[in-house]
Amino acid sequence: MKIRYSYWKDGKKKALTMSYDDGRTFDLRLIEIFNKNGIRGSFHLNAAKIGQERYVSAEDVRTKYVGHEVSAHGFTHPFLERLPREEVVYEMMEDRKNLEAICGYPVRGMSYPFGTYNETLQRLLPELGIRYARTTHATRDFLLPENFLEWNPTCKHTDPALFSLLERFKTYKYGLSLFYVWGHSFEFDNDNNWDVIERFSAEAGGLDDVWYATNIEIVDYMTALRALHFSADRTMVLNPTATDVWIEVNDAVTRIPAGQLVKF
């Protein structure tokens, strides 16, 4: 029995996700660009700043971010690794509680404020309901992280290699691949280069072999893929999760439905 774990949702070989921080009003223009091109992503917000001048409102979060993920970024955007444990708990739980009251679902991911963190913070985050945390360290590759609490993106949208990476991604053929771009929407306005993300979204969107996902969807899919239970002789597999996954069995792409046993 030949089994390979090299497929995303719907049997696609590649995935693309975007990640933007701080919740400035420029997110709204960025979301329009993403929606036009079928691109999806995660927006990491500081709940204490919602409704302030130049930041999105609660109504924006409730209505404009639909189809994307609302994620945490610390209640007040502090250096989390410098805080006492109880202050980290406050920052993350207040951010989650306030964001969840607006968006209407559990907030389970985050990006590190200022991109800074340490091992102590990483160990604490799962206790606070956080499943992933994005860093600011570019890998310039399409590999998945060993640890989703230290999730290094492919690149920032300001990377001079952005479009060359996209061209390489389009022809990439090595197992599960993920193109992960991050940034701040206000940078497009500051740098007067909205054309960069408009061009990127137009060229990266609408590809038949790409799954366009939020950050948490990537995490949930990989969690489900890793949770598969095979029989000892590998003639059947149980998917105990609520997420469908796709694997290759004897050169054929096979869907393993959520909560079901599949025999080969």
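No experiment lies behind these values; they were computed from the predicted model shown. (Residues numbered from 1 in each chain as written. Predicted model: local features only at pLDDT ≥ 70, side-chain atom pairs only at ≥ 80, totals over all residues. Heavy atoms only, no water.)

1. Concerning the pairing of strand 3 (residues 41–45)
- Extensive coverage of strand 3 is indicated by the burial of five of its five residues.
- By the alternation rule, side chains of strand 3 split into G41, F43 and L45 and S42 and H44, which are all buried.
- Where strand 2 (residues 14–21) meets strand 3, four bridges bridge the pair, whose relative direction is parallel. In the sheet register, M18 faces strand 3, and the bridge partner there is G41. (Buried < 20%, exposed > 50% of the residue type's maximum accessible area, 1.4 Å probe, protein only. Helix = DSSP H or I, 4+ residues; strand = E, 2+ residues; numbered from the N terminus. Pairing = 2+ DSSP bridges.)

2. Remarks on the pattern of salt bridges
- Following the criterion strictly, the structure yields 18 salt bridges and no others.
- Residue E81 pairs with R82 through a salt bridge whose shortest N-O separation is 3.9 Å.
- When its relative accessible area of 60% is taken as the criterion, R82 is described as exposed. (Salt bridge = Lys/Arg side-chain N within 4 Å of Asp/Glu carboxyl O.)

3. A short note on the packing of aromatic side chains
- The full count for this structure, using the stated rule, is 22 aromatic pairs.
- When the centroid spacing of 5.2 Å and the interplanar angle of 55° are considered together, the rings of F142 and F169 count as tilted. Of the two residues, F142 is situated in the loop between strand 6 (132–134) and strand 7 (155–156) and F169 in helix 5 (residues 162–170); the sequence distance between them amounts to 27 residues. Side by side, F142 and F169 carry an identical accessibility label, which is buried.
- Centroid distance W151 to Y180: 4.9 Å. Interplanar angle 85°. Geometry classified as edge-to-face. With W151 in the loop between strand 6 and strand 7 and Y180 in strand 8 (residues 177–183), this pair connects stretches of sequence that are 29 residues apart. The same class applies to W151 and to Y180, which are both buried.
- Counting every residue linked through ring pairs, the aromatic cluster contains F142, F163, F169, Y172, Y174, F179 and F200.
- For the cation-ring pair, K14 lies above F169, with the distance from its terminal atom to the ring centre recorded as 5.6 Å.
- Sitting over the face of the ring of F186, R24 holds its NZ or CZ atom 4.9 Å from the ring centroid. (Phe/Tyr/Trp six-rings, centres within 6.5 Å; stacked < 30°, edge-to-face > 60°. Lys NZ or Arg CZ within 6 Å of the ring centre and 35° of its normal.)

4. Some points on the sheet that holds strand 1 (residues 3–4)
- Within the open sheet, the three strands sit side by side as 1-12-13. Their pairing is antiparallel. Strands at the two margins of the open sheet, each flanked by one partner only, are strand 1 and strand 13 (252–256).
- As judged from the two bridges shared by strand 1 and strand 12 (residues 245–249), these two strands associate in the antiparallel manner. Across the sheet, the residue bridging to I3 is V249, located in strand 12.

5. Quick word on helix 3 (residues 85–103)
- For helix 3, with 19 residues, the first-to-last C-alpha span of 27 Å sits near the 27 Å given by 1.5 Å per residue.
- What helix 3 keeps buried is the set V88, E91, M92, E94, D95, R96, L99, I102 and C103.
- The inward-facing, buried residues of helix 3 contact strand 3, helix 2 (58–64), strand 4 (69–72), strand 5 (109–111) and helix 4 (119–124).
- Just beyond helix 3, the residue with positive phi is G104, at close to 85°. (Expected span 1.5 Å × (residues − 1). Contact = heavy atoms within 4.5 Å.)

6. Topic: the side chain of D60
- Within the fold, D60 resides in helix 2.
- Although D60 is buried, it forms no salt bridge, and the closest oppositely charged side chain is K64 at an N-O distance of 5.9 Å.
- Not counting residues up to four positions away in its chain, the partners in contact with D60 are L28 and Y65. (Lys, Arg positive; Asp, Glu negative; His and termini not counted.)

7. Some remarks on the sheet that holds strand 10 (residues 229–230)
- Read from one edge of the open sheet, three strands run 10-11-14, paired in antiparallel fashion. What marks the edges here is a single partner per strand, and that holds for strand 10 and strand 14 (261–263).
- One ladder, built from three bridges, connects strand 11 (residues 236–238) with strand 14; its direction is antiparallel. Residue pairing across strands places M236 opposite K263, the latter belonging to strand 14.

8. Things to note about the pairing of strand 13
- Where strand 12 and strand 13 come together, five bridges link them in antiparallel fashion. When the bridges of strand 13 are listed, V245 appears paired with I256.

9. Side note on the nonpolar core
- Grouped together as the largest cluster of nonpolar side chains are 53 residues, with contacts concentrated most on F179, I197 and F200.
- Setting aside residues no more than four positions away along its own chain, F200 makes contact with L16, M18, L162, F163, L166, F179, V181 and G205. (Core = buried A, V, L, I, M, F, W, Y, C linked by side-chain atoms within 4.5 Å.)

10. Topic: unusual backbone geometry
- Even without being a glycine, D22 presents a positive backbone phi close to 90°.
- In this structure, D22 sits in the loop between strand 2 and helix 1 (26–37).
- Although it is not a glycine, N192 adopts a positive phi angle of roughly 50°.
- Structurally, the position occupied by N192 is in the loop between helix 6 (186–190) and helix 7 (194–204).
- Residue class for N192 comes out exposed when judged on its relative accessible area of 67%.

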